[in-house]
Every structure is written in structure tokens, then in C-alpha cells.
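Chain by chain, the residues:
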Amino acid sequence: MVSLCLNSLPLPPSSHPKRLTETSLSSSSFSNGSVGTALKPIVVSGNPPTFVSAPGHRIVAVGDLHGDLDQARSALEMAGVLSSDGEDLWTGGDAVLVQLGDVLDRGDDEIAILSLLRSLDIQAKANGGAVFQVNGNHETMNVEGDFRYVESGAFDECADFLEYLNDYQYDWEGALAGWCSMSRRWTDEQKMSRNNWGPWNLVKRQKGVISRSVLFRPGGPLACELARHAVVLKVNDWIFCHGGLLPHHVSYGIERMNMEVSKWMRGLIDKDSSPHMPFIATKGYDSVVWNRLYSRDISDLEACRINQINAILEETLQAVGAKAMVVGHTPQYLGANCAYNCSIWRIDVGMSSGVLNSRPEVLEIRDDKARVIRSRRDTLSELRIVDSI
């Protein structure tokens, strides 16, 4: 029987927020296969990361994954950053990968995807690349304790992962990075030890709910893992966020929002105060993780409304000093696309089997030019290139 004692849980290191930091990731000698082209190292500022300088580096963005590990792997292989041999090796060299949130809910393998991304981040850094995630509305919902969209298999994964953590004796880094490769075998072994006795299903569900609450509560191990990630990330001249950035978000301060969300997820509060969920970033229809203003089908909008939204987008980008924005959150039924003079890219294609089960698509950015990769063949071809300026 798994122990749910909070004091016995392994917690991610550094449970307290740090001051603004700047770190460098060494670049490999060759840039994305271009012989003889040495790139400047990637420089990351902020904790969680907020500003990333990666001049010349290939950038790949992947939208909502929603607990579908197979589709996640397909997308990452298509992007050219994950090996196709099942070994989960980083093949992106010095590329920068950005995942736009909503790893959680609607699928069974949420923690396995978090594990895969953490493993790839470790490998990428060793090769002069980097992996970044931004939190979406489903990450903030789970930390808040809203489990409405959690699949039964995901509750089971939480219970299994908690037992697996106990075996790792507080080695959080090793436990999380290794879970993806261990999860299927671990789950199969657990199923073999169980029977189909009716009351067991109720006990199992209760165990899964309690395990998830322990893992994702503010200050819990997986909440602290999510706290490592921003809600808004700027890489070179591109903004990445889940729903969409607005002028009042920029005025409030994107670094301030990132730090407040991270602090809330870590369960850190000021003395004599109660936990405070950062509303401007995580709650309300116009918050960063919920905003759908830029993702609506333009064909359904009147010209005056289109002009109004375009003006808001231009004001936002000018205020933050960016050329374009990349968002997820709202499934695009016709595939990833750009709008408003390609100042906004919408790349959630609903690839998870729990959403649309659509063909994975990813966005590639090279030298400020963006294109959608819709098949592995596209990775090496010049199918659709759009100048973002």
C-alpha cells in the first residue's frame, strides 16, 4: 500500500523561488547540420525562464498534447528532435523546443509526457539546445484541484507514479526523467497484481484521486515541477504562451506574472496571508492561459472586429518588443495556421486522441521565417515558409 504521508514525499529541488538569473547553454560546433556554422550559446533570463536569447538557433513549437504519449512522440519525431527508434533520444542538436502547455487532462499518459520532456531537456542542454514548456489552463486547473477533465487512466498513473517515487528514495530528477521509459512496464506489472473484484475499482479510484491531489496540490512534487515553467516565454523576437497575451498583461509585467504563478504552484505564501492564485495569468476569459481572442476563425468575424483584434495584437507585440506570437489552447480544425498578417500563429491541432485525434503538426522557425511541418517528409523540405516580419 502506497504511503500518502506528505512528509515522506520526494520534492523537486529548490522549492523556493530564485532571483532573476541568467544562464548560458553551450552551443555545439555545428548548427542544425550546417557544417562550420558555430552559434552563440543560448542565454536564459528569469526564474522561471522568461527571456531566451538564441540567435540563429532553429526553434520548434509543439501545441497541446493532452496526455497522449504516442501522438506526442509522433509530433516530436516529426519536428526532428526525438529519435524514432523508441529510445527517446534527443536528435535536435542545438535546436530550441517550446511546448505550449496543456500536457495534462483528456489522456492517460500525462506524467509520462512530462517525463519525456524533462529527459529531452537534459539531453538538449548537453548538445547546446534547450527545451522549454509554458503552462496552460489545464496545468493551472489541476494545481487548483479541478480534476473535471482527468481520465481514469490518468488517476491510475498518479497512483502508480507515487509508488514509483517511493522506490526512488527522494531522487526527484532521476525519478521524473526515468518514468517515461518505466511507466508502461510499471503499469503492466501493477495491473497483473490486481484482480477485477468490483470493490477494488472503487478503492483504486479513491487512491488515484488522493494521489493526484498529493502530487498536484500547491507545493506538491508535480506542482513544483510545473512551477519551473513560465506562462509567457519570449524567445528572440517571438512570444510563446498558451492562450494569448494582451496589452494589460504586458503592463502588469510578464516576468512578474511568471514569478507569481510559480510561487503559487510551489505553495509559497507571504507570512500571515493565504494562498493566492494569480488571477491575471490564470483565471478569467482574458487571462493569459484562457484567452481565445486571437484564435477565432476570422471568417466568422466582421471586418470592424478583425481590425480591432489586429490593433490589439499589434499593440501587444509592440509593447513587448516582439514580431509575432505563437499560441495553443484553441483547436484549429483546418490545421496550424497564421492570421493577422502572420503576427499570430495558432498551432493547437487537437492531436490528442482525447480531443480530435488529428494528425500532429508543429511549427518551425528559422531566421524569423516560420513554416508548419505536417509530415516527417516536411522536416527536410521547404513546404511552407512565411516571413514573419
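The written sequence of each chain sets the order in which its residues are numbered from 1. Restriction of local features to residues with pLDDT of at least 70 applies here, the model being predicted, together with a cutoff of 80 or more for giving and counting side-chain atom pairs; totals for whole chains, interfaces and linings are based on all residues. Heavy atoms from the whole structure form the basis of all side-chain values; hydrogens and water molecules are not counted.

1. What about the overall build of the protein chain?
Heads up, the condition is: Runs of E in the DSSP output that reach at least two residues are strands. Runs of H or I that reach at least four are helices, and both are numbered from the N terminus. Residue exposure (1.4 Å probe, protein chains only): buried if accessible area is under 20% of the type maximum, exposed if over 50%, otherwise partly exposed. By the convention used here, residues are in contact when the closest approach between their heavy atoms is within 4.5 Å.
Of regular secondary structure, the protein chain possesses 11 helices and 14 strands. By the burial criterion, 56% of the 389 residues in the protein chain qualify as buried. A fraction of 69% describes how many contacts in the protein chain between residues 6 or more apart in sequence connect residues 24 or more apart.

2. Comments concerning the environment of D94
Note that D94 resides in the loop between α1 (69-78) and β5 (96-99). By relative accessible area, D94 is classed as buried at 0%. As a C-alpha pair, D94 and N127 span 33 residues in sequence and 5.8 Å in three-dimensional space.

3. Notes on the nonpolar core
This is how it is decided: To form a nonpolar core, buried Ala, Val, Leu, Ile, Met, Phe, Trp, Tyr and Cys residues must be joined to one another through side-chain atoms within 4.5 Å.
Membership of the largest hydrophobic core comes to 104 residues, with the highest contact counts inside it found for F161, F240, L245, M325 and W345. If one sorts the elements of this core by residue count, helix α2 (residues 110-126) sits on top with eight residues.

4. Remarks on the confidence of the model for the protein chain
To be explicit about the condition: By definition, pLDDT measures how confident the predictor is in each residue, and it falls between 0 and 100.
Mean pLDDT for the protein chain: 87, with 81% of residues reaching 70 or above. Segment residues 1-8: pLDDT under 50, and 15 contacts once partners within four positions in sequence are set aside and those in other chains are kept. Overall, residues 26-31 carries pLDDT values under 50, and its contacts beyond four positions in sequence, including any with other chains, amount to 24 contacts.

5. Considering α1
Put simply, the rule reads: Here a polar contact means two N or O atoms within 3.5 Å. Within protein one must be a hydrogen donor candidate and the other an acceptor candidate, and residues neighboring in sequence count only if both atoms are side-chain atoms.
Within α1, eight of the 10 residues are buried, which leaves it mostly tucked inside the rest of the structure. Regarding α1, its N-cap is D68, as a side-chain oxygen of that residue lies 3.3 Å from the backbone nitrogen of D70 further along. Backbone geometry just downstream of α1 places G80 in the positive-phi region, at approximately 80 degrees.

6. Here we look at a nonpolar patch on the surface
Cut-off, in case you're wondering: Each patch is built from residues that are more than 30% exposed by relative accessible area and take part in no salt bridge. Like charges join if they lie within 9 Å; nonpolar side chains (Val, Leu, Ile, Met, Phe, Trp, Tyr) join within 5 Å. Accessible areas in this description were obtained via Shrake-Rupley with a 1.4 Å probe; residue shielding takes into account the shown protein chains only. A pairing counts as a salt bridge when a side-chain nitrogen of Lys or Arg comes within 4 Å of a carboxyl oxygen of Asp or Glu.
Together, Y333, L334, V355 and L356 line one region of the surface with nonpolar side chains, adding up to about 470 Å² of accessible area. Residue position: L334 is located in the loop between β9 (324-327) and β10 (337-339). Residue classification places L334 among the exposed positions, given a relative accessible area of 85%.

7. Topic: the pattern of salt bridges
Pairing between side chains becomes possible if they bear opposite charge and their charged atoms approach one another. Under the criterion given, the structure shown has 19 salt bridges. Between R73 and D88 there is a salt bridge, with its nearest N and O atoms 2.9 Å apart. In this pair, R73 is assigned in helix α1 and D88 in the loop between α1 and β5, connecting sequence segments 15 residues apart. Judged by relative accessible area, R73 falls into the buried class, the value being 19%. Since its relative accessible area comes to 10%, D88 is described here as buried. A cluster of three or more residues bridged by salt bridges with shared partners is formed by R118, D121, K125, E173, E225 and R228.

8. Comments concerning the packing of aromatic side chains
Filter applied, for reference: Centres within 6.5 Å make a pair out of two Phe, Tyr or Trp rings, where for Trp the six-membered ring is used; the pair is then stacked when the planes are under 30 degrees apart, edge-to-face when over 60, and tilted otherwise. Note on geometry: a ring has a charge over it if NZ (lysine) or CZ (arginine) is within 6 Å of the ring centre and within 35 degrees of the ring normal.
Taken as a whole and judged by the stated rule, the model has six aromatic pairs. Following the ring pairs from residue to residue traces out a cluster consisting of F161, Y164, Y168, W172 and W179. The ring of F155 is capped by R212, whose NZ or CZ atom sits 5.9 Å from the centre of that ring. Sitting above the plane of the Y252 ring, R256 keeps its charged end 3.7 Å from the centroid.

9. Here's the deal with the pairing of strand β7 (residues 232-235)
Rule in force here: Pairing between strands requires that DSSP locate at least two bridges from one strand to the other.
Of the two faces of β7, both are covered, the one formed by V232 and K234 as well as the one formed by L233 and V235. As defined by bridge partners, strand β3 (residues 51-53) adjoins β7 across two bridges and the pair is classed as parallel. Its bridge partner lying in β7, V52 is registered against V235. Direction of pairing for β7 relative to strand β8 (residues 238-241): antiparallel, over a ladder of four bridges.

10. Points about unusual backbone geometry
Residue P48 follows N47 across a cis peptide bond; omega there is 5 degrees. Here P48 is to be found in the loop between β2 (42-45) and β3. Of note, the phi angle at D102 is positive, near 55 degrees, even though the residue is not glycine. As for its placement among the helices and strands, D102 is situated in the loop between β5 and α2. Its relative accessible area of 1% is what places D102 among the buried residues. Positive phi values are uncommon outside glycine, yet N236 reaches one of about 55 degrees. For N236, the location among the structural elements is in the loop between β7 and β8.

11. Observations concerning the packing of α2 against helix α4 (residues 152-167)
Definition in use: Interaxial angles span 0 to 180 degrees and are taken between N-to-C directions of axes, which are lines fitted to C-alpha atoms, for helices over the stretch in contact. An angle below 35 degrees is read as roughly parallel, one above 145 as roughly antiparallel, one from 65 to 115 as roughly perpendicular, and any other as oblique.
For the pair α2 and α4, the least separation of the axes is 8 Å and the interaxial angle reads 60 degrees. The angle between the axes of α2 and α4 places the two elements in the oblique class. In this structure, α2 contributes E110, I111 and A112 to the contact, and α4 contributes A154, E157, C158 and F161.

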